[in-house]
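In case you want the letters, here they are:
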Amino acid sequence: MRLILLLLFFLVQGLGFSQTIIGTVREKSSGLPLPFANVFVSNTTFGKATDKDGKFRISGNLPQEIEVVASFVGYITEVKKVSIRGQSEIFLDFELSFNESNLSEIELKAKRDKAWEREFRRFEEVFLALPDDSYKPKIEIVNPWVVDFEKVRVQNGANYLRASAQEPIKIINRALGYEIDYYLQDFRVLRVGSRFYGQVFYEPIQGEPEQEEAWDLARDENYYSSIRYLNQSILLNLADTKHFRIYHAIPDELDRVRTNDFTRELNKSIIPIANDSILKRPLGDGNFRIFLPGRMEIHHLDKEWRNDYYTNIYHAISWIQAPDGYYDVDRNGVLLNPTQLVLSGYLGRQRMARILPLDFEPKTDFVVGSMTEEVVHDQGQKFNRLREKPWITTNKPYYYPGEAVWIGGQMLYQEAIWSDTLSRVIHVDLVAPDSVFQSYQFPIENSRISGGFVLPSDLPVGNYALRAYTNWSLNYPASDQFHLEFPVIDPRYKPKPENPVEDSFMGSVEVTETYSISDSLSYRVMDLELNFLDEFQNPLEAKFVITMTDAEEVSFLKPKSDLESSLNWFDKMLPKDFSSEWSRQIEYGISVQGEFIPANRRQSFSQRITVVRGDLEDFGQVKSDSSGRFWATGLYYSGTAQIAIAAVNEKSRPFGTVKWIPMAKPSPPTFIPILEYDLISRPTESQFLDTSGDYILLEEFVKEVSKDNLSDSDWYGYSEPDRVMDENSIKLSTTLCDVLQRMGFNCRSQRFGNYTYGERTGSPLLIIDGFKYPFLEGGEFKELLDSFVPQELESVGVYTYGNMVFGMAGYAGVIVLKTKRGQKFTVDSDRKFNSDGFGIFPVPGFTDFAPFLKNPPSDQYLRRKPTIYWEPVAETSNGQFQSKVKVPYGTKSIHIRVEGRSDDGEAFSKLIQIEL
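Criteria and cut-off values
Numbering of residues starts from 1 in each chain and follows the order in which that chain's sequence is written. Local features in a predicted model are, by the rule used here, given only for residues with pLDDT of at least 70; side-chain atom pairs are given and counted only at 80 or more, and totals for whole chains, interfaces and linings are based on all residues. Only heavy atoms go into the side-chain values, all of them from the structure, while hydrogens and water stay out. Any residue with relative accessible area above 30% and no salt bridge may belong to a patch, with like charges joined within 9 Å and the nonpolar Val, Leu, Ile, Met, Phe, Trp and Tyr side chains within 5 Å. Every accessible area reported is derived by Shrake-Rupley at a probe size of 1.4 Å, with residue values counting cover from the shown protein chains alone. Criterion for a salt bridge: a side-chain nitrogen of Lys or Arg within 4 Å of a carboxyl oxygen of Asp or Glu. Working definition: helices are DSSP H or I runs of at least four residues, strands are E runs of at least two. Numbering for both runs from the N terminus. Three exposure classes are used, based on accessible area relative to the maximum for each residue type with a 1.4 Å probe and protein chains only: buried under 20%, partly exposed in between, and exposed over 50%. By the convention used here, strands pair only if DSSP detects at least 2 bridges between them. Geometry is summarised by axes, namely lines fitted to C-alpha atoms with helices restricted to the contacting stretch, and by angles between N-to-C directions that run from 0 to 180 degrees. Identification of polar contacts relies on pairs of N or O atoms within 3.5 Å, with a donor-acceptor requirement for protein atoms, meaning one able to donate a hydrogen and the other able to accept it, and with residues adjacent in sequence counted only if both atoms are side-chain atoms. Whether two residues are in contact is decided by their heavy atoms, any of which lying within 4.5 Å being enough. Residue count minus one, scaled by 1.5 Å, sets the expected span of a helix. Side-chain rings of Phe, Tyr and Trp, where Trp is taken by its six-membered ring, are said to pair if the distance between their centres is within 6.5 Å; with planes under 30 degrees apart they count as stacked, over 60 as edge-to-face, and otherwise as tilted. Counting as a charge over the ring demands two things of the Lys NZ or Arg CZ atom: a distance within 6 Å of the ring centre and an angle within 35 degrees of the ring normal. One confidence number per residue, pLDDT, is output by the predictor and ranges from 0 to 100. Take the buried residues of types Ala, Val, Leu, Ile, Met, Phe, Trp, Tyr and Cys, join any two whose side-chain atoms come within 4.5 Å, and each joined set is a nonpolar core.

*Asks:* Teacher, can you tell me more about a nonpolar patch on the surface here?
*Replies:* Among the surface-exposed residues, Tyr515, Ile517 and Leu916 lie close enough to one another that they form a single nonpolar patch of about 220 Å² accessible area. By the element assignment, Leu916 lies in the segment after strand S52 (907-915).

*Asks:* Would you explain helix H5 (residues 227-235) in this entry?
*Replies:* Residues that lie three or four places apart on an α-helix share one face, since the helix turns once every 3.6 residues. Among the 9 residues that make up H5, 9 are buried, leaving the element largely enclosed by the rest of the structure. Within H5, the full set of buried residues consists of Ile227, Arg228, Tyr229, Leu230, Asn231, Gln232, Ser233, Ile234 and Leu235. Of the residues trailing H5, Asn237 is marked for its positive phi of about 55°.

*Asks:* Mind showing me how you'd approach the sheet that holds strand S16 (residues 280-282) here?
*Replies:* Spatially, the 3 strands line up as an open sheet ordered S16-S17-S20, and their pairing is antiparallel. Bordering the open sheet on either side are S16 and strand S20 (326-329), each of which pairs with just one other strand. This sheet shows a mean twist of 20° between the axes of neighbouring strands, independent of strand direction. Pairing of S16 with strand S17 (residues 288-291) involves 3 bridges; the strand directions are antiparallel. What sits directly across from Arg281, in S17, is Arg289.

*Asks:* Please clarify how the sheet that holds strand S50 (residues 880-887) should be interpreted in this entry.
*Replies:* Neighbouring strands of a sheet are bound in pairs by backbone hydrogen bonds; such pairs are parallel or else antiparallel. Strand order across the open sheet formed by 3 strands is S30-S31-S50, with antiparallel pairing between neighbours. Edge positions in the sheet fall to strand S30 (510-519) and S50, since each of these pairs with one other strand and no more. In this sheet, neighbouring strand axes are inclined to one another by 20° on average, regardless of whether the strands run parallel or antiparallel. Of the strand pairs in this sheet, S30 and strand S31 (residues 524-533) are connected by 10 bridges, and their pairing is antiparallel. Looking at S31, one finds that Tyr515 is bridged to Leu528.

*Asks:* Just checking my understanding: could you explain the side chain of Asp429 for this structure?
*Replies:* As for its position among the elements, Asp429 is in strand S24 (residues 425-432). On the basis of relative accessible area, Asp429 is assigned to the buried category, the value being 0%. Side chain to side chain, Asp429 and Ser439 meet in a polar contact 2.9 Å long. Among residues more than four places away in sequence, those in contact with Asp429 are Val436, Gln438, Ser439, Tyr440, Ala465, Leu466, Arg467, Tyr469 and Lys665.

*Asks:* What's the story with the environment of Arg751 in this structure? I'm lost.
*Replies:* Here Arg751 is to be found in strand S43 (residues 751-752). The partly exposed category is assigned to Arg751, whose relative accessible area is 25%. It is 7.6 Å that separates the C-alpha atoms of Arg751 and Pro764, two residues lying 13 residues apart in sequence.

*Asks:* Sorry, what's going on with unusual backbone geometry here?
*Replies:* With the exception of glycine, most residues fall at negative phi, and the peptide bonds are largely trans. Unusually for a residue other than glycine, Phe36 sits at a positive phi of about 65°. Mapped onto the elements, Phe36 comes out in the loop between strand S1 (19-27) and strand S2 (38-41). The phi torsion at Asp434 lies on the positive side, around 70°, for a residue other than glycine. Looking at the secondary structure, you find Asp434 in the loop between S24 and strand S25 (435-445).

*Asks:* Would you take a moment to explain the pattern of salt bridges for this structure?
*Replies:* Opposite charge on two side chains permits pairing when their charged atoms draw close. Inspection of the entire model under this criterion finds 29 salt bridges. In this structure, Asp53 engages Lys52 in a salt bridge whose closest nitrogen and oxygen atoms are separated by 3.5 Å. Given the relative accessible area of 38%, Asp53 is considered partly exposed. Using a relative accessible area of 65% as the deciding quantity, one classes Lys52 as exposed.

*Asks:* Is there a simple way to explain helix H4 (residues 209-224) in this structure?
*Replies:* In a regular helix each residue adds 1.5 Å, so 16 residues correspond to 22 Å; H4 covers 23 Å between its end C-alpha atoms and thus fits that length. Those residues of H4 lying buried are Trp215, Ala218, Arg219, Asp220, Glu221, Asn222, Tyr223 and Tyr224.

*Asks:* Is there a simple way to explain the packing of aromatic side chains in this structure?
*Replies:* Geometrically, a pair of aromatic rings is defined through the distance of the ring centres and the angle of the planes. This model, assessed by the stated rule, comprises 48 aromatic pairs. A ring pair is formed by Tyr223 and Tyr224, whose centres lie 5.1 Å apart and whose planes are at 70°; its orientation type is edge-to-face. For the ring pair Trp472 and Tyr476, a centre distance of 6.2 Å and an interplane angle of 65° mean the geometry is edge-to-face. Tyr476 carries the same exposure label as Trp472, and that label is buried. An aromatic cluster of three or more residues is present, and its members are Trp116, Phe120, Phe123, Phe127, Phe149, Tyr182, Phe187 and Phe196. For Arg188, the ring lying beneath its charged end belongs to Tyr160, and the centroid distance is 4.1 Å. It is Lys396 that lies over the ring of Tyr398; its NZ or CZ is 5.9 Å from the centre.

*Asks:* What am I meant to see in the environment of Gln206 here?
*Replies:* Checked against the element boundaries, Gln206 lands in the loop between strand S13 (193-204) and H4. Considering only alpha carbons, one finds Gln206 and Gly177, 29 residues apart in sequence, at a separation of 7.9 Å.

*Asks:* Help me out: how do you make sense of the confidence of the model for the protein in this one?
*Replies:* Caution is warranted with low-pLDDT regions, since their predicted coordinates should not be read in detail. Per-residue confidence for the protein gives a mean pLDDT of 83; residues scoring 70 or more make up 86%. Low pLDDT, under 50, characterises residues 1-16; the stretch is placed with 18 contacts to residues that sit more than four places away or in other chains. This stretch, residues 695-712, has a pLDDT under 50; its non-local contacts, to residues over four places away or in other chains, come to 41 contacts.

*Asks:* Looking at this structure, I do not really get the pairing of strand S44 (residues 765-768). What am I missing?
*Replies:* Taken residue by residue, a regular strand's side chains alternate between the two faces of the sheet. Side chains Leu765 and Ile767 of S44 all project onto a buried face; the interleaved residues Leu766 and Ile768 project onto the opposite face, where all are buried too. Both S44 and strand S47 (residues 814-819) contribute to a ladder of 4 bridges, which runs parallel. Along S47, the bridge assignment pairs Ile767 with Val816. Relative to strand S45 (residues 771-773), S44 runs antiparallel, the two sharing 3 bridges. Across the sheet, residue Leu766 finds its bridge partner in S45, namely Tyr773. Where S44 hands over to S45, the hairpin turn is made up of 2 residues, of which Asp769 adopts a positive phi near 50°.

*Asks:* What is the right way to read the nonpolar core from this model?
*Replies:* Soluble globular proteins tend to pack their nonpolar side chains together in the buried interior. In this structure, Phe123, Phe127 and Ile169 are the most contacted members of the largest nonpolar core, which totals 56 residues. It is strand S12 (residues 178-190) that contributes the most residues to this core, 6 residues altogether. Contacts of Phe123, omitting those with residues within four sequence positions, involve Leu128, Ile141, Val147, Phe149, Ala163, Ile169, Leu184 and Phe187. In this structure, Phe442, Tyr476, Val488 and Tyr801 belong to the second largest nonpolar core, which totals 48 residues.

Spelled out as structure tokens, the structure:
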């Protein structure tokens, strides 16, 4: 009790103590006073301009350890660290030196280029606000040109990107109502984290009464969610504060696996800690030391928040840890040395958008905040988070009628976290102004795009474009569609080549190539190796498209619609007043829409609709709405399939009628991008074409697994699951639900993460020893899961993103259980579907296309062709990409074009020319 009273005494005494700083600012070389120089106490609103004699006077209730800053345009800023303990007045004099290296505003603006813009976007995310923060649109740097970047290499240390500013960075924070001058001293971004430091002066903005009231509420809310207030509540022993609850996070035990159920973890992996049980001691200088027993979990009780850490907790969560076991604060709870404390979770979101001045005092004692207010600022921003846009490229920059075309690319997401929620189908149209000539659709797998088609041999020559979009993106402005210029040329001509050197854009990514050539009977073999390095010469992981063409046959044309320019889409936010009818659905596979028409007035329009492909190769059920409209998605097949649709009663008998409604295409574009080029004659003897006759069409996307070839080693004929847990990992859990929760499955909601966001999908497809259990109701699904214990399982696999091959049956995800009994049978044999009473409709599926033949027969002579190699879904392993490329004899020169993004999001493109 004595310690508590002593702490309260120190705090109350400190809060009521005011100090004054008096001094002069002079020019160092002449000793003359500098009038109108800025002097302020860093991280506060306390500041003054010097008078005509260069003098200043600052008074207020100040922290005991402060930095006082003096600055003047054209001079080097001077900072003095001062301790004001027990002193009512402090005298300081500053002498500022002229900054001879200072660049003019015009010179600084001239330094801006694409690389600078890319680094500046990165700088804003670290410095101002996270991309999903609702404050981000309300805070801006008004003089961005003062910021410069350089890459620093450290011998035997971590390399980093450094930012500097020769003038104070001027910030307007319209979320909290401050104009801010930030004197940047250090800013660095490493691959594993980031940090920044500087002196800051806050000046409150004067606004209308309603605006100032909103600022007061926002400031109070951020104060009560801050580490400063948490420290104050610890110092004051505020038991069971309405803002925080503190838990000690116990390290994982070998014989117990942590779950995401808060009630099960309470008093096991997290132990409640009362504020008054946390040890703190005065240091004798007005500061305090707080001791932490380990990693602490902080629950922000009044901050509603979406989190994936617990499935049954709906407020924000943070974690704090002191590497040395303690950290020091002043009487106001301000960290004296920020490196003493590691913050993560909600507290780790703090950027300049949410940092308050140290002299801020709240006007209320309780604020209720919500995720809706904090993360989703307005409808426009909410919808912006769910935006997607495709980027595609082709194997060549131009084509001739009748040629095969291969496309590759990747999806861009405004928020990558929602990628498992959004589209799995891309639509590609061959268009000209006011015309759509052909349409294709291809699957999106792991955010990558791969496909192809054959141009009609009678297609008129001219300038076309490939328009790429998803059904979901049609809810958004036309800017969310992608257009790629697509010239179709008379075979007698080819474009006059441009300079290939101008094509490369690498940013901070470096790509180097090595190769060797050997001869075989039918073709030459190139052993190609590409090495990807970051700006610090570290191996870099990347996903990209690579194409190799005969440089003599295929003229180089620099594309306009490259990936680098496409990334500008990220900066194009939706307007705040954006609205949409949301008539377009997310497609998780081939989709069917239609209308149910009752047979009589007694029948409701809202019915369960059964959709069947072929002879039960795939089937599913959806429900029509109150007007009879229905939507089914998730089918997976190529070509055109016969789809049977009907409303079925309890006795499995169809009733009423159904009408299939084909998917509506967007209107033809009025404008398309066009490449400019001059034509030159093409020798008759070298008029090679990429024709589909050289390649083999894809077989059916989904292969039915028979009893004879069924093998649990290859997951019953399907690809490797997205996540797998073996017997050794399974036995650490007590229930099958525990196992699945560790694999991202929520046993309570029976959902996988964000998958099928906003859709009613039912339970996942369950496969046990090869036997399928589709469309189980929630109770049946749980009962079947509960009938297994981990000890009888050999392995468990789950499919979420890779579930497309299971069709509608796997629409909500797939769980595959292999038991130690190992029964190997399937329900797919000896079945027959009775389609009487069903409507039968021909529904186009994914486009059949000819995949590029990378491994031709070794005994077959490989003729010359324009495209030598094509890989639309290439990726590195430990920063390397290796491939054996079969090169036709007679090829003398090769262009290798590489375009994609690093795993850090950096775009790159490079054209490499190799002479053989």
